[in-house]
Amino acid sequence: MKQLLFIPVVFFVLQLNAQDKPAFTRAPDRTQLPDIKKAIRTVQGNVAIYTQNTTNLHSQEHDVNSIILDIEKYIDSMPRNKSYADQLLMKLFNPIRHFFLTTTNKTTVATSFLYSGTPYQFCNYNDTATVLYFYAVRDGNTYNLAKTTERKIFRTSFEQCLLPSLKALDELKEGDIKYAALSVYYGCKDTREGAPAGQIAPFCLTLLARIADLQQFAEGMITAKGLVAVSELYLSDEEGATELRRVQMNID
């Protein structure tokens, strides 16, 4: 008789445990994510944010604490049925937080973050892999074409702002995402005779690379030259914002 009573009790306990567990959900749909090339063109199209911030000083800038607070608030407000991007954000919150907290300490120029929506996005790469894309970094220098060439400015921003910022991705590990991308905004003024006074031309510089290669670069296992050789590098000005112009960087 005791055995007959035990069976219903066990069944009742199992039912209670099942109610406490979240409902089973299907595998997330990665096709919801935008293509990385399209995302880069969108960021390039937003390069006018740099000009707005220069005209109305610091009006478009965001500090790291406000960025992290916004992410935390967003995570707290997520629905139960989360998108794939939301699941990735929750899983990768710590390395994302680490990036924003350490980026400005890694660069050799002062940086801030310029964006109108969010400073990061999860994207698709060739429909086969996922990319974590940061696109908010503003180079703290405003370069002068009266003192150097546009090509040298491109290289300086690359070496002093973009490359050091990549080292702030050192807590990012290959797993759900296979690639990372970073875009930097920088500006050029021209004080030469006959040039429009006070105007600053904005540029957007982007590097796209495998997480494994970025890890090796951060650990000193490959040089900047080696990283560039296995990466994709894009440069755009305000006029060519809708174009995806791949460029080469010659590093000694």
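Preceding block: the structure.
> Would you take a moment to explain helix α2 (residues 36-45) for this structure?
Along an α-helix, residues three or four positions apart point the same way, because every turn accommodates 3.6 residues. Of all the positions in α2, only I36, A39, I40, V43 and Q44 are classed as buried. In an axial view of α2, the angular spread of the buried residues amounts to 140 degrees, which keeps them on one side of the axis. Check the buried side of α2 and you find it contacts β3 (120-125), β4 (129-144), β5 (179-189), β6 (200-210) and β7 (232-237). Between the side-chain oxygen of the N-cap and the backbone nitrogen of K37 there are 3.0 Å, and the N-cap of α2 in question is D35.

> Just to check I follow, could you spell out unusual backbone geometry for this structure?
Most peptide bonds take the trans form, and the phi angle of most residues other than glycine is negative. Of note, the phi angle at N126 is positive, near 55 degrees, even though the residue is not glycine. By secondary structure assignment, the location of N126 is in the loop between β3 and β4. The class of N126 is partly exposed, set by a relative accessible area of 48%. The backbone of D127 sits at a positive phi, close to 60 degrees, despite the residue not being glycine. Residue position: D127 is located in the loop between β3 and β4.

> Would you take a moment to explain empty space enclosed by the protein for this structure?
Any empty space left between the atoms is revealed when a probe the size of a water molecule rolls over them. Inspection of the entire model under this criterion finds one cavity of 30 Å³ or more. What the largest cavity holds in volume is close to 50 Å³. Taken together, L166, L169, D170, L172, I211, L214, Q215 and A218 form the lining of the largest cavity. Ranked by the residues each element gives to the lining of the largest cavity, the list is headed by helix α8 (residues 211-218), at four residues. Partitioning the lining of the largest cavity into residue classes produces six nonpolar, one polar and one charged.

> Help me understand the pattern of salt bridges, please; the structure alone is not making it clear to me.
A pair can form between side chains of opposite charge whenever their charged atoms are brought close. What the rule picks out here adds up to four salt bridges. As a salt-bridge pair, K91 and D176 come within 2.6 Å of each other at their nearest N and O atoms. Here K91, found in helix α5 (residues 84-91), pairs with D176, found in the loop between α7 (150-166) and β5; they are 85 residues apart in sequence, far enough to count as distant. With a relative accessible area of 58%, K91 lands in the exposed category. On the accessibility criterion, D176 (33% relative accessible area) is partly exposed. Among the salt bridges present, the one from R155 reaches E159, with a minimum N-O distance of 2.9 Å. With R155 and E159 both in helix α7, this residue pair falls four residues apart, about one helical turn. Classification of R155 by relative accessible area gives partly exposed; the value is 28%.

> Whenever I open this one, the pairing of β3 confuses me. Can you help?
For a regular strand, side-chain orientation follows a simple rule: the groups alternate between the two sheet faces. The buried fraction of β3 amounts to five of the six residues, a majority that puts the element mostly inside the structure. When β3 meets β4, the two strands line up antiparallel, connected through six bridges. Paired with C123 across the strands is V131, a residue of β4. Between β3 and β4, which follow one another and run antiparallel, lie three residues, and N126 among them has a positive phi close to 55 degrees.

> Is there a simple way to explain the packing of helix α4 (residues 64-76) against helix α6 (residues 93-106) in this structure?
A pair of packed helices can be characterised by two numbers: the angle between their axes and the separation between those axes. Between α4 and α6, the shortest axis-to-axis distance is 9 Å and the interhelical angle comes to 160 degrees. Our classification of the angle between α4 and α6 gives roughly antiparallel. The handedness of the crossing between α4 and α6 comes out as right-handed. Seen from α4, the contacting residues are V64, I67, I68, I71, E72 and I75; seen from α6, they are F93, I96, R97, F100 and L101. Along the lines of polarity and charge, the residues of the contact of α4 with α6 split into nine nonpolar, no polar and two charged.

> Teacher, can you tell me more about the pairing of β5 here?
Counting buried positions along β5 gives ten out of eleven residues, so the element sits mostly inside the fold. Relative to β5, β4 is paired through nine bridges, and the arrangement is parallel. If you follow L132 over to β5, its bridge partner there is A180. Chirality of the crossover, the property in question, places the unit of β4, α7 and β5 among those that are right-handed. Direction of pairing for β5 relative to β6: antiparallel, over a ladder of eleven bridges. Pairing of Y179 across the sheet is with R210, part of β6.

Reading the values: the criteria
Residues numbered from 1 in each chain as written. Predicted model: local features only at pLDDT ≥ 70, side-chain atom pairs only at ≥ 80, totals over all residues. Heavy atoms only, no water. Buried < 20%, exposed > 50% of the residue type's maximum accessible area, 1.4 Å probe, protein only. Helix = DSSP H or I, 4+ residues; strand = E, 2+ residues; numbered from the N terminus. Arc of directions from axis to C-beta. Contact = heavy atoms within 4.5 Å. Polar contact = N/O pair within 3.5 Å; in protein donor to acceptor, adjacent residues only side chain to side chain. 1 Å grid on protein atoms, 1.4 Å probe; cavity = no way out; pocket = protein on both sides within 12 Å on 5 of 7 lines; lining within 4 Å. Points joined across faces, edges and corners; volume = space filled by probe spheres on them. Nonpolar A, V, L, I, M, F, W, Y, C, P; charged D, E, K, R; others polar. Salt bridge = Lys/Arg side-chain N within 4 Å of Asp/Glu carboxyl O. Pairing = 2+ DSSP bridges. Axes fitted to C-alpha atoms, helices over the stretch in contact; angles between N-to-C directions. Parallel < 35°, antiparallel > 145°, perpendicular 65-115°, else oblique. Left-handed = near helix turned anticlockwise from the far one by under 90°. Right-handed = clockwise from strand over helix to strand, strands pointing away.

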